[in-house]
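Report on the structure
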Amino acid sequence: MLAVCCLSMFLVGLDTTIVNVGLPAIGRGLGIGTRSLEWTVDAYTIVLAGLLISSGALADRFGRRRVFQSGLLVFGAASLLCATAPSVGALVAARAVQGIGASMLSPVALAIVVNAMPDPRERAQAIGIWASVFGLSMAVGPVTGGALVAGLGWRALFWINLPVILAALVLSAVFVPESRGPRAQRLDVPGQALLTVVIGVWIGVVIEGPHIGWTSPAALAAYGVASVATVGFVWVEGRRSQPLMDLRLFRSPVFGHAVLGAVAVFVALNMTLLLNTLYLQHTRGFTPLAAGAATLPMAVGATLCAPWSGRLVGRVGPRLPLILAGAFTTAGGLCLVGIDRHTSLPLLLLAYLLTGIGFGFANAPITNTAVSGLPPARAGVAGAITSTARQVGSALGIAVAGGLVAGSTPATLAHASRPGWILVAVCGLLLVLMAHASRSKT
């Protein structure tokens, strides 16, 4: 059952990393620039982030296996649409539908695992294994993506999803038992609509700001809409008996730190992936396959350290893994703050390895802390809140990285990306501060 649930995490992670390394090829194939490429990634992550909590609540209400399998079907259908998209508009729309399907996978799979393993130590180790699958998808995604682009073209990046989906459907029908939360959670439609607007508009402003101007009438209008939606979301959620997101949970410093940490980790990870892809292929002239192979140290570090982190959480708690995660992530970012067109390949590979190790150590303590902060009966919502924070971080990382290098040439891209590597290091420092804060609370 754990293996089946991990397969869904592999699918979600694979679709992020495999598309990331193929972005330059997609840009050439459809004749689009950096801004449109950002939307092909963030259309997926914005919709995914906006719907995760509702999907978790629906799974608790109508059955986790049922929602899980529905998500696989939607994801598969959207993958077909992506593979056959005739234009960038069709591709972005299909990626958004993929986000709908993905929202039914990650938090629901985590809820299944949490409910099946009530022992805290066993659960922490299982979460570590579950988190390490994302590292495995990082390893498989870029290299496989580079090979597919080189041999079959960018559309093969989406065809590859189909056998994984088919295997997950068959195995889930055989091995995953149906389960529900003991109390039905009503769907919070106003809260869901407002959350979608909040995430979509704020991320959209970050993507479009460099192109339309940060003080243009359109940007000012977007700030207003996003601010009103944010205030409205807080107001609505504070007055509902069954809110989409129980904001009282954030009164707990431990829970709040876990959510903030999830955002920081995925900002750092996705900035690293996008800046790496653009730098290696545009500035250094790497092929997609070579650029994907360059990320192997990152993937190896994440894959090996994630289960180790889960065991540490089960034995000594989250503080030590968080310190290690922050230290390695900071070191990885600092390695590249002076990046230029001639930065040595060993230094690049070392930076990717350090960042991957940091990511591997971070996921288990953050996920375990957030899940433990909610009642087991609402495990779907618990996993969804953490996953929402991850996807918000992913969307922010892509948007900020794209904004930094928007309009740059291959000769200037490395210099333009330097603030991004500083931000990666800052995210690592934030994790270290979180670890020390958790000790003081203890």
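Residues numbered from 1 in each chain as written. Predicted model: local features only at pLDDT ≥ 70, side-chain atom pairs only at ≥ 80, totals over all residues. Heavy atoms only, no water.

**Focus on the overall build of the protein**
What the protein contains, in helices and strands, is 19 helices and 0 strands. The C-alpha radius of gyration computed for the protein amounts to 20 Å, which stays within 12% of the reference 22 Å derived for 442 residues, consistent with globular compactness. Across the 442 residues in the protein, those meeting the buried criterion constitute 57%. Within the protein, counting contacts between residues at least 6 apart in sequence, those at least 24 apart form 86% of the total. On the protein, roughly 16100 Å² of surface is accessible, and the fraction owed to carbon and sulfur atoms is 70%. Separation of charge centres in the protein, based on 27 positive and 12 negative side chains, amounts to 4 Å. (Helix = DSSP H or I, 4+ residues; strand = E, 2+ residues; numbered from the N terminus. Rg over C-alpha atoms; globule rule 2.2 N^0.38 Å. Buried < 20%, exposed > 50% of the residue type's maximum accessible area, 1.4 Å probe, protein only. Contact = heavy atoms within 4.5 Å. Areas by Shrake-Rupley, 256 points an atom, 1.4 Å probe, with all protein chains shown as cover. Lys, Arg positive; Asp, Glu negative; His and termini not counted. Charge placed at Lys NZ, Arg CZ, Asp CG, Glu CD.)

**Examining the nonpolar core**
The biggest cluster of nonpolar side chains holds 113 residues, and the ones touching the most others in it are I26, L157, F158, I366 and L431. For this core, the element with the highest residue contribution is helix α12 (residues 253-283), accounting for 18 residues. With near-sequence residues (within four places) excluded, L431 lies in contact with G261, V265, L322, A325, G326, A362 and I366. (Core = buried A, V, L, I, M, F, W, Y, C linked by side-chain atoms within 4.5 Å.)

**Some remarks on helix α14 (residues 296-316)**
Over its 21 residues, α14 extends 29 Å from the first C-alpha to the last, a length consistent with the 30 Å expected when each residue adds 1.5 Å. The sharpest bend along α14 comes to roughly 30 degrees, located at C305, with the proline P307 sitting one to four residues further on. Those residues of α14 lying buried are M298, A299, G301, A302, C305, A306, P307, S309, G310, L312, V313 and G314. A positive backbone phi angle near 95 degrees is found at G317, which sits one or two residues after α14. (Expected span 1.5 Å × (residues − 1). Bend = angle between axes of the 7 residues up to and from the residue.)

**Side note on a nonpolar patch on the surface**
Among the surface-exposed residues, L166, V170, L171, V174 and F175 lie close enough to one another that they form a single nonpolar patch of about 480 Å² accessible area. Position of L166 relative to the elements: it lies in helix α9 (residues 161-175). (Patch = residues over 30% accessible without salt bridge, like charges linked within 9 Å, V, L, I, M, F, W, Y side chains within 5 Å. Salt bridge = Lys/Arg side-chain N within 4 Å of Asp/Glu carboxyl O.)

**Quick word on the packing of helix α1 (residues 2-21) against helix α2 (residues 23-30)**
Packing of α1 against α2 leaves a shortest axis separation of 4 Å and a crossing angle of 60 degrees. When the axis of α1 is compared with that of α2, the two are oblique. Seen from α1, the contacting residues are V19, N20 and V21; seen from α2, they are L23, P24 and I26. (Axes fitted to C-alpha atoms, helices over the stretch in contact; angles between N-to-C directions. Parallel < 35°, antiparallel > 145°, perpendicular 65-115°, else oblique.)

**Considerations on the confidence of the model for the protein**
Per-residue pLDDT for the protein has a mean of 82; in total, 90% of the residues score no lower than 70. The weakest mean pLDDT in the protein belongs to helix α6 (residues 106-116) at 71; the strongest belongs to helix α15 (residues 319-335) at 91. (pLDDT = per-residue confidence, 0-100.)

**Some points on the side chain of T277**
Mapped onto the fold, T277 is located in helix α12. In this structure T277 touches N20, V21 and P24, once residues within four positions along its chain are discounted.

**A look at the packing of aromatic side chains**
Counted according to the given criterion, the structure contains 5 aromatic pairs. Note on Y44 and F75: the rings are 6.4 Å apart at their centroids and 80 degrees apart in plane angle, and the pair reads as edge-to-face. In this pair, Y44 sits in helix α3 (residues 34-62) while F75 sits in helix α4 (residues 64-83), placing the two residues 31 residues apart along the sequence. The residues Y44 and F75 share a single accessibility class, namely buried. Here the aromatic rings of W154 and F158 are separated by 6.4 Å at their centres, their planes lie at 90 degrees, and the arrangement is edge-to-face. Of the two residues examined, W154 and F158, each falls in the buried class. Grouping aromatic residues by their ring pairs yields a cluster made of W308, F328 and F361. Directly above the aromatic system of Y44 lies the positively charged group of R95, at a separation of 4.6 Å from the ring centroid. (Phe/Tyr/Trp six-rings, centres within 6.5 Å; stacked < 30°, edge-to-face > 60°. Lys NZ or Arg CZ within 6 Å of the ring centre and 35° of its normal.)

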